[in-house]
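Given next are the chains, with one letter for each unit.
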Amino acid sequence: MELKSILKKERQKLKRCENLLKNAKVLYWKKGATIKIIDLYDEKNEDIIKRIEVRHKIRQINKAINHYLVEKLRSKNLDIERYMKNYWDEIVEGFATLHNTYKSENSFQKAFLYDKQSHLYRRFQDCISLDSMKNYLSYLETYLQLLKDMGHEQSLEKTKQIFSKKANMSVKYVEPALPLNWADIYEQIQFLKSKDADAQL
């Protein structure tokens, strides 16, 4: 490939990185659910970058969990679609309500699991602090290890028992929520880091 062509491709990639990182759309949900554009190059938003990187790890383990859940459902000839959403509701709720109390009995469930009109619907993982995300990741890893040998209900109960005895497991919610296109932004962050690593060689 000609140098000119390589340079052109690199510039296009860098332009895409710059556009995504400088124009990240995030949701502030506590006061009117407003969407703001923030600059992820700004050091004050470094926490969001770290949250995006942990969110990627959560996504990877979610995929592994899905693999085992689907295998188990198929082995019993059960309807995958019918069960998977309920399983994930129970997994997320199991962690979020283990050490936390909420304003009303179903406020967490309504905001994150049941109400499709909610700005936070299915976005629990995008709305928690970095430490909470790391704890959630550890919870999912424990559940996955148990799931390899047991069914969903047993695995979840054992995981909840283990984590009920651990200190500092309360979920902390933080604004803003991660951008909806966090996965795309993650790829751009990794691209920039790979360029930095190449430059150090």
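### What about the pattern of salt bridges?
Oppositely charged side chains are able to pair whenever their charged atoms sit close together. This model, assessed by the stated rule, comprises nine salt bridges. With a closest N to O distance of 3.6 Å, Glu 46 and Lys 50 form a salt bridge. On the criterion of helical spacing, the pair formed by Glu 46 and Lys 50 is a turn pair, its members being four residues apart in helix α2 (residues 46-75). Residue classification places Glu 46 among the partly exposed positions, given a relative accessible area of 42%. Owing to a relative accessible area of 38%, Lys 50 belongs among the partly exposed residues under this scheme.

### Examining the packing of aromatic side chains
Under the criterion given, the structure shown has 14 aromatic pairs. Plain terms: the ring middles of Phe 95 and Tyr 139 are 5.1 Å apart, the flat faces sit at 50° to each other, and that makes the pair tilted. Taken together, the residues Phe 95 in helix α3 (residues 80-96) and Tyr 139 in helix α5 (residues 130-147) connect sequence positions 44 residues apart. Per residue, the accessibility class of Phe 95 equals that of Tyr 139, and both read buried. Here Tyr 102 and Tyr 173 contribute two aromatic rings whose centre-to-centre distance is 6.4 Å and whose plane-to-plane angle is 65°, an arrangement assigned as edge-to-face. Taken as a pair, Tyr 102 in the loop between α3 and α4 (107-114) and Tyr 173 in the loop between α6 (152-164) and α7 (182-200) lie far apart in primary sequence, 71 residues in all. Since its relative accessible area comes to 25%, Tyr 102 is described here as partly exposed. Judged by its relative accessible area of 22%, Tyr 173 is partly exposed. Here the aromatic cluster, defined as three or more aromatic residues joined through ring pairs, consists of Phe 95, Tyr 102, Phe 108, Phe 112, Phe 124, Tyr 136, Tyr 139, Phe 163 and Tyr 173. Of note, Arg 122 hangs over the ring of Tyr 121, and the distance from its end group to the ring centre comes to 5.5 Å. Seen from the ring of Phe 163, Lys 166 lies directly overhead, with NZ or CZ sitting 5.0 Å from the centre.

### Topic: helix α1 (residues 3-22)
Since one α-helical turn is 3.6 residues long, residues separated by three or four positions face the same way. The first and last C-alpha atoms of α1 sit 28 Å apart over 20 residues, in line with the 28 Å expected at 1.5 Å per residue. Those residues of α1 that sit buried are Cys 17, Leu 20 and Leu 21. Down the axis of α1, the buried set is contained in an arc of 95°. They therefore lie on one face. Every exposed residue of α1 that faces more than 90 degrees away from the buried side is listed here: Lys 4, Lys 8, Arg 11 and Lys 15.

### What about the nonpolar core?
Membership of the largest hydrophobic core comes to 52 residues, with the highest contact counts inside it found for Ile 65, Phe 124 and Tyr 136. Looking at this core element by element, the count peaks at 10 residues for α2. Residue contacts for Phe 124: discarding those within four places in its chain leaves Val 92, Phe 95, Ala 96, Phe 108, Phe 112, Tyr 136, Val 171 and Tyr 173.

### Section: unusual backbone geometry
With omega at -5°, the peptide bond leading from Glu 175 into Pro 176 counts as cis. By the secondary structure assignment, Pro 176 is in the loop between α6 and α7. Even without glycine at this site, Ala 33 takes up a positive phi of about 50°. Following the sequence through the fold, Ala 33 ends up in the loop between β1 (24-28) and β2 (34-38). Of note in the backbone geometry, Asn 77 takes a positive phi value of approximately 55° without being a glycine. Examined against the element boundaries, Asn 77 turns out to sit in the loop between α2 and α3.

Rules of the game
- Residues numbered from 1 in each chain as written.
- Predicted model: local features only at pLDDT ≥ 70, side-chain atom pairs only at ≥ 80, totals over all residues.
- Heavy atoms only, no water.
- Salt bridge = Lys/Arg side-chain N within 4 Å of Asp/Glu carboxyl O.
- Helix = DSSP H or I, 4+ residues; strand = E, 2+ residues; numbered from the N terminus.
- Buried < 20%, exposed > 50% of the residue type's maximum accessible area, 1.4 Å probe, protein only.
- Phe/Tyr/Trp six-rings, centres within 6.5 Å; stacked < 30°, edge-to-face > 60°.
- Lys NZ or Arg CZ within 6 Å of the ring centre and 35° of its normal.
- Expected span 1.5 Å × (residues − 1).
- Arc of directions from axis to C-beta.
- Core = buried A, V, L, I, M, F, W, Y, C linked by side-chain atoms within 4.5 Å.
- Contact = heavy atoms within 4.5 Å.

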